[in-house]
Amino acid sequence: MSLWKGIKKIVGTAAPMLGHVLGGPLGGMGGELLANALGVNATPQAVEKALLADPDMILKLKQIEAEHKGELELLYAESVKLEVQEHHKTYRTELISNDAFVRRWRPAFGWACVLCFIMQFLLILVGGLYAIFVVPERSGQIFTGISEVVSSLVVIWTIAFSVLGINITSRSKDKQLAAGQAPDPGIVQSIMSKVLR
């Protein structure tokens, strides 16, 4: 974990790229860049003290990010690359594990998502049919309840399907590597390769 992760919270809203670098594997390099720009020692404590003492902190952070845009883009791209490599190392470790549970937890998560989504759809369908055919006088209340339940589940399903999408693409790349094929570069890798040229 980066020693600069605490500073990321202060910096991230005004200067998101710098904030990401500070919170990532290259936090020290981002911290040094920020400390030099502020004219203080390259320690999280000195930088935090300087930032909190400056009434124009937000403007200053935006200015620093704009002035060091090229350096930060390279650090950001390299940071994302290192994070992706770390994730892939974890996936490969899981795939070659002797423990069947460790090897199969990602597919199990996918099947659990599918089953839960189907059960939810069927419950909504049954609830709607019940409201229309059995108690039509209460159908308005039932449909309002169904719509509240569905809207409250949107965030959960967004997170679940995002995780599932990452799992699927990672497994596909790992299978391509196992078959001796070069995996297709993802969007992030394509952008990083163009930035790092």
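Thresholds applied
Residues numbered from 1 in each chain as written. Predicted model: local features only at pLDDT ≥ 70, side-chain atom pairs only at ≥ 80, totals over all residues. Heavy atoms only, no water. Patch = residues over 30% accessible without salt bridge, like charges linked within 9 Å, V, L, I, M, F, W, Y side chains within 5 Å. Areas by Shrake-Rupley, 256 points an atom, 1.4 Å probe, with all protein chains shown as cover. Salt bridge = Lys/Arg side-chain N within 4 Å of Asp/Glu carboxyl O. Helix = DSSP H or I, 4+ residues; strand = E, 2+ residues; numbered from the N terminus. Phe/Tyr/Trp six-rings, centres within 6.5 Å; stacked < 30°, edge-to-face > 60°. Buried < 20%, exposed > 50% of the residue type's maximum accessible area, 1.4 Å probe, protein only. Arc of directions from axis to C-beta. Core = buried A, V, L, I, M, F, W, Y, C linked by side-chain atoms within 4.5 Å. Contact = heavy atoms within 4.5 Å. Axes fitted to C-alpha atoms, helices over the stretch in contact; angles between N-to-C directions. Left-handed = near helix turned anticlockwise from the far one by under 90°. Nonpolar A, V, L, I, M, F, W, Y, C, P; charged D, E, K, R; others polar. Parallel < 35°, antiparallel > 145°, perpendicular 65-115°, else oblique.

K.L.:
Which residues make up a nonpolar patch on the surface, and what values do they have?
P.N.:
A cluster of nonpolar side chains, contributed by Trp 111, Val 114, Ile 118, Phe 121, Leu 122, Leu 125, Leu 129, Tyr 130, Ile 132, Phe 133, Val 134 and Phe 143, occupies part of the molecular surface with about 1200 Å² of accessible area. Looking at which element gives the most residues to the nonpolar patch, the answer is helix α7 (residues 100–133), with 10 residues. Mapped onto the elements of the fold, Val 134 is located in the loop between α7 and α8 (139–178).

K.L.:
If you had to explain the pattern of salt bridges to someone new, which residues and values would you point to?
P.N.:
Two side chains that carry opposite charge are able to pair once their charged atoms sit near each other. Tallied over the entire structure, the rule returns two salt bridges. Between Lys 60 and Asp 54 there is a salt bridge, with its nearest N and O atoms 3.9 Å apart.

K.L.:
Which residues make up the packing of aromatic side chains, and what are the values?
P.N.:
Two numbers describe a pair of aromatic rings. These are the distance of the centres and the angle of the planes. Summed over the entire model, instances satisfying the criterion amount to three aromatic pairs. Judged by centre distance (5.2 Å) and plane angle (85°), the rings of Phe 117 and Trp 157 are edge-to-face. Of this pair, Phe 117 sits in helix α7 while Trp 157 sits in helix α8; the two residues are 40 residues apart in sequence, bridging distant segments of the chain. On the accessibility criterion, Phe 117 (41% relative accessible area) is partly exposed.

K.L.:
Let's hear about helix α5 (residues 57–67): which residues, and what values?
P.N.:
For an α-helix, 3.6 residues make a turn, and residues three or four places apart therefore share a direction. Considered for burial, the residues of α5 that qualify are Met 57, Leu 61, Ile 64 and Glu 65. Along the axis of α5, the buried positions cluster into a sector of 95°, meaning they face one direction only. Of the exposed residues in α5, those oriented more than 90 degrees away from the buried face are Leu 59, Ala 66 and Glu 67.

K.L.:
Would you mind going over the nonpolar core in detail, with residue names and values included?
P.N.:
Counting 18 residues, the largest nonpolar core has Ile 7, Val 11, Leu 18, Leu 34, Val 47, Leu 51 and Leu 61 as the members making the most contacts within it. Where this core is concerned, the elements lending two or more residues are α1 (5–11), α2 (16–23), α3 (27–38), α4 (44–53) and α5. With four residues, the top contributor of residues to this core is α3. Ignoring any residue separated from it by four or fewer positions in sequence, one finds Leu 34 in contact with Ile 7, Val 11, Leu 18, Leu 22, Val 47, Leu 51, Leu 61 and Ile 64.

K.L.:
Hey, could you go over the packing of α3 against α5 for me, with residue numbers and the actual values?
P.N.:
A pair of packed helices is characterised by two quantities: the angle between their axes and the separation of those axes. Taken N-terminus to C-terminus, the directions of α3 and α5 make an angle of 115°; their axes are 11 Å apart at the nearest point. Our pair here, α3 against α5, has a crossing hand that is right-handed. Contact residues: Leu 33, Leu 34, Ala 37 and Leu 38 in α3; Lys 60, Leu 61 and Ile 64 in α5. Across the contact of α3 with α5, the residue classes tally to six nonpolar, no polar and one charged.

K.L.:
Please set out the environment of Leu 34 residue by residue, giving values where relevant.
P.N.:
Of note, Leu 34 is situated in helix α3. Sequence separation between Leu 34 and Leu 18 is 16 residues; the distance between their C-alpha atoms is 8.4 Å.

K.L.:
Provide a residue-level description of the packing of α3 against α4, including the pertinent values.
P.N.:
It is at 10 Å that the axes of α3 and α4 come closest, and there the two elements cross at 50°. Our classification of the angle between α3 and α4 gives oblique. Regarding α3 and α4, the two cross each other, and that crossing is left-handed. Two secondary-structure elements touch here, α3 through Leu 34, Ala 35 and Leu 38 and α4 through Val 47, Ala 50 and Leu 51. Residues of the contact of α3 with α4, tallied by class, amount to six nonpolar, no polar and no charged.

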